[in-house]
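The primary structure of each chain is shown beneath.
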Amino acid sequence: LMFGSGAAASSTNTGSATTTVSRVLTMAAGYTLNAGSSAYMLPGSGTPFLMNGTFRGMGSRWWFTATANTNVASVDYGTLVLSPSGAGSPTFTLGGGTPTIGNLVISDGTNPVFVTADANDPSTLITGDVTIRANGTFTASNLGALDIGGSWRNSGTFAHSGAEVEFLSSDT
């Protein structure tokens, strides 16, 4: 699914239905997607979200559910869920840059998943909660900061790689 043709344009999602893109979601240069508060499901592996335009995540929920290795676009997400839909033990690799994520959820508690920020070293601000469920592993960047504004719930594994991890809230 491709939004835009290279000319300046935009769209705003005002519905509440879940949008599922089986292969690749692409934002063309010059295009702006205002995601609204809808849910987006990206079950494809590889690089299922290509951002060449402008993305405004707002209150949207983004589910990356591939069962094979997946690159996660470095954009601002309302809620980012990295959880395979079945067996496969994939690695979800976060892109670089300075993304802001409302809430981060890793794993469904059943299917193993590995999430790494260490490959591309983003400096990530999570304004809400971080949840690492059972069978989920999160490896932080060794260079980029990880700032957390809400609660930290860890039933899986967290690997600190040496960069700053700062809790901005007194929540637990």
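Residues numbered from 1 in each chain as written. Predicted model: local features only at pLDDT ≥ 70, side-chain atom pairs only at ≥ 80, totals over all residues. Heavy atoms only, no water.

Draft legend 1. Here's a closer look at the overall build of the protein. Looking only at helices and strands, the protein has zero helices and 21 strands in total. Taking 2.2 N^0.38 as the reference for a compact globule, 172 residues should give roughly 16 Å; the C-alpha atoms of the protein span a radius of gyration of 15 Å, in line with that estimate. Every one of the 172 residues in the protein was classed for burial, and the buried ones make up 43%. The contacts of the protein with a sequence gap of at least 6 include a subset with a gap of at least 24, amounting to 34%. Approximately 7,500 Å² of the protein is accessible, and the part contributed by carbon and sulfur atoms is 49%. (Helix = DSSP H or I, 4+ residues; strand = E, 2+ residues; numbered from the N terminus. Rg over C-alpha atoms; globule rule 2.2 N^0.38 Å. Buried < 20%, exposed > 50% of the residue type's maximum accessible area, 1.4 Å probe, protein only. Contact = heavy atoms within 4.5 Å. Areas by Shrake-Rupley, 256 points an atom, 1.4 Å probe, with all protein chains shown as cover.)

Draft legend 2. Broad picture of the pattern of salt bridges. Scanning all chains against the criterion turns up one salt bridge. Here Asp129 ties to Arg153 by a salt bridge, and the two come within 3.3 Å at their closest N and O atoms. On the criterion of sequence distance, the pair formed by Asp129 in the loop between strand 15 (124–126) and strand 16 (130–132) and Arg153 in strand 19 (residues 152–154) is long-range, its members being 24 residues apart. Using a relative accessible area of 23% as the deciding quantity, one classes Asp129 as partly exposed. (Salt bridge = Lys/Arg side-chain N within 4 Å of Asp/Glu carboxyl O.)

Draft legend 3. Spatial organisation of the pairing of strand 11 (residues 77–82). Of all six residues making up strand 11, six are buried, and the element is well covered by its neighbours. Bridging between strand 9 (residues 61–64) and strand 11 involves four bridges; their strand directions are parallel. Its bridge partner lying in strand 11, Arg61 is registered against Thr79. Here strand 11 runs beside strand 13 (residues 100–106); their pairing, made up of five bridges, is parallel. Opposite Leu80, over in strand 13, you have Leu104 as the bridge partner. (Pairing = 2+ DSSP bridges.)

Draft legend 4. Fine view of the pairing of strand 17 (residues 136–139). Looking at chain direction, strand 14 (residues 113–116) and strand 17 are connected through four bridges and run parallel. By the bridge assignment, Val113 is partnered in strand 17 with Gly136. One ladder, built from three bridges, connects strand 17 with strand 20 (residues 157–159); its direction is parallel. In the sheet register, Thr137 faces strand 20, and the bridge partner there is Thr157.

Draft legend 5. Just the nonpolar core, in detail. Formed by 32 residues in total, the largest nonpolar core has its most connected members in Phe49, Trp62, Phe64, Tyr77, Leu80, Leu82 and Phe138. Residues in contact with Tyr77, not counting those within four places in the same chain, are Phe49, Trp62, Phe64, Val72, Thr100, Ile101 and Gly102. (Core = buried A, V, L, I, M, F, W, Y, C linked by side-chain atoms within 4.5 Å.)

Draft legend 6. Layout of the packing of aromatic side chains. For the structure shown, the criterion picks out seven aromatic pairs. Centre to centre, the rings of Phe64 and Tyr77 are 6.1 Å apart; their planes meet at 85°, and the pair counts as edge-to-face. Taken together, the residues Phe64 in strand 9 and Tyr77 in strand 11 connect sequence positions 13 residues apart. There is no split in this pair, since Phe64 and Tyr77 are both buried. Three or more aromatic residues joined by ring pairs form one cluster here, namely Tyr40, Phe49, Trp62, Phe64 and Tyr77. (Phe/Tyr/Trp six-rings, centres within 6.5 Å; stacked < 30°, edge-to-face > 60°.)

Draft legend 7. Spatial organisation of unusual backbone geometry. Phi is positive for Ser89, which is not a glycine, with a value near 50°. Position of Ser89 relative to the elements: it lies in the loop between strand 11 and strand 12 (91–94). For Ser89, a relative accessible area of 35% translates into the label partly exposed. Phi is positive for Asp121, which is not a glycine, with a value near 55°. Relative to the assigned elements, Asp121 resides in the loop between strand 14 and strand 15.

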